[in-house]
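Summary of structural features
Each chain, letter by letter, is given below.
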Amino acid sequence: MAENLQLLSISDNNLEKCLKCSICTVYCPVAGVTPFYPGPKHAGPDGERYRIKDVVFFDEKALKMCLNCKRCEVACPEGVHIADIIQSARIKYAKHGPGLREFTLANTDLVGSLATMVAPVANFSTGLAPVKSVLHSVVKIDKHRKFPAYASQKFETWYKKYAAAQQEQYKNQVTYFHGCYVNYNYPQLGKDLIKVLNAIGYGVKLLDKEKCCGVPLVSNGFIEQAKKQAEINMASMRESVKAGRPVITTSSSCTLMMRNEYNHLLHVDNEVAQGNLSLATRFIYKLVEEGKVKLAFKEDYKKRLCYHTPCHMEKLGWAIYSTSLVKMIPGVEFIMLESQCCGIAGTYGFKKENYETSQKIGEPLFKQIEDVKADYVVTDCETCKWQIEMSTSAKVMNPLSIIAEALDVEKTIELNKK
């Protein structure tokens, strides 16, 4: 009787399980718009077989063209961590260290802290043609890229006024990993989250120590710094969970990084994140589904909304929670956009050499959005928001902000008192 044979994987990212079927290349956004990228199969598992033998086969230029969008991994029938193979190769074999541009794009806490102190000046100056020209020619940040605006007050500063009340007035508690975007660019999303959670009876605490999740640091070559920050985040999450508070986020990319990539790329123990970290929409939807909380919405809230699935949300498989939550609003006309990459991939689309590729990747999505003519595009990724708002006439909102806008707060509070 023949025995079932199973291919054993002895590498970190299931390299040996690659069937060479090339499905990953078919789904790769970069391979679809430029002939200069060999595709994820060749850059990933195929190339790694050669790199293991001799570092001379490391093609830094080709590997830097990878978006790390994870669509190759979603498509792979064998569960090969193709994007992680490429990222790991860049970490291990990179011949050139990060420069001024990479430092600026990667250090979001430093740049964000400085920019918020002079937000009006920073926002005005980055839109000036001479400044864009210098960034383009000297720093190599493309002159066509529009920078996200900085807030005049950090979310953490605003939160301090309400921290005591959050802990004293609510029996149920969660911890919020807000991330750089909420802290420096758009504090309103954090305020919207607190509004919704308070209405259903949950207080919100911040992590005792929070650092950038590390996505821009890894993308730009600051691996040791990313690892140190990951250790701080995981230690803070362990303290939160020990105190009985699950941790929630409002960013799909931050969530994927901490749940999936800390261990694969940085070799940081992230077991606490894998079991206790969730997107806020997933957390709230599960409470509603289980009958633990109820939501009430304004009767006069009428909107036409379309949802864009971020690539990292596709990898998480959690779009269903965000879309289902939005669909609960009675006055919403909901349209699910075809799943396509927007092209920005965090800091990737800011770089001069990537800008054209970034925009070509996003063109089909931009056309979809313009054709739909929705009141808002809804998405869980902040950099998708930047790309879509720069490249279309649409206004983009996080699902939590939609829920907060449509929520009948008083009625929701009453429903959850019973």
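Because the structure is a prediction, the values reported are computed rather than measured. Residue positions are counted from 1 within each chain, in the order its sequence is given. Predicted model: local features are reported for residues with pLDDT of at least 70 only, side-chain atom pairs are reported and counted for 80 or more only, and whole-chain, interface and lining totals are derived from all residues. The basis for every side-chain value is the complete set of heavy atoms in the structure, and neither hydrogens nor water enter the calculation.

Observations regarding the packing of aromatic side chains
When two rings of Phe, Tyr or Trp (its six-membered ring) have centres within 6.5 Å they constitute a pair, described as stacked for plane angles under 30 degrees, edge-to-face for angles over 60, and tilted for the intermediate range. Scanning all chains against the criterion turns up 11 aromatic pairs. Consider the rings of phenylalanine 350 and tryptophan 386, whose centres lie 6.3 Å apart with planes at 90°: the pair is edge-to-face. Remark: tryptophan 386 occurs in helix H22 (residues 382-391) and phenylalanine 350 occurs in the loop between strand S6 (332-336) and helix H21 (355-372); sequence separation between them is 36 residues. By the burial criterion, phenylalanine 350 is buried, and tryptophan 386 matches it. Clustering of aromatic rings is evident, with ring pairs tying together Phe147, Tyr181, Tyr186, Phe350 and Trp386. Stacked on the ring of phenylalanine 350, the Lys or Arg arginine 145 has its end atom at 5.3 Å from the ring centre. Geometrically, a lysine NZ or arginine CZ counts as sitting over a ring once it is within 6 Å of the ring centre and also within 35 degrees of the ring normal. One Lys or Arg, lysine 385, reaches over the ring of tyrosine 186 and ends 5.4 Å from the middle of that ring. The secondary structure listing takes helices from DSSP runs of H or I that are at least 4 residues long and strands from runs of E that are at least 2 residues long, numbered from the N terminus. Relative accessibility under 20% of the residue-type maximum defines a buried residue, over 50% an exposed one, and the middle range a partly exposed one, all with a 1.4 Å probe and only protein chains included.

Regarding the sheet that holds S6
Strands pair, by our definition, only if DSSP identifies at least two bridges between them. Pairing is parallel across the open sheet formed by 4 strands, whose spatial order is S6-S5-S7-S8. The open sheet has two edge strands, S6 and strand S8 (396-397), and neither has a second partner. Bridge count for strand S5 (residues 303-307) against strand S7 (residues 376-378) is 3 bridges, and the pairing is parallel. If you follow leucine 305 over to S7, its bridge partner there is tyrosine 376.

With respect to the pattern of salt bridges
When a carboxyl oxygen of Asp or Glu is within 4 Å of a side-chain nitrogen of Lys or Arg, the pair counts as a salt bridge. Scanning the entire structure with this criterion turns up 20 salt bridges. The salt bridge partner of arginine 49 is aspartate 46, with a shortest N-O separation of 3.1 Å. Placement of the pair is arginine 49 and aspartate 46 together in helix H2 (residues 40-53), with a separation of 3 residues, close to one helical turn. Residue glutamate 353 pairs with arginine 101 through a salt bridge whose shortest N-O separation is 2.8 Å. Of the two residues, glutamate 353 sits in the loop between S6 and H21 while arginine 101 sits in helix H6 (residues 100-106), which places them 252 residues apart along the sequence. Judged by its relative accessible area of 10%, arginine 101 is buried. Via salt bridges that share partners, Lys70, Glu73, Asp84, Glu261 and Lys315 belong to a single interconnected network.

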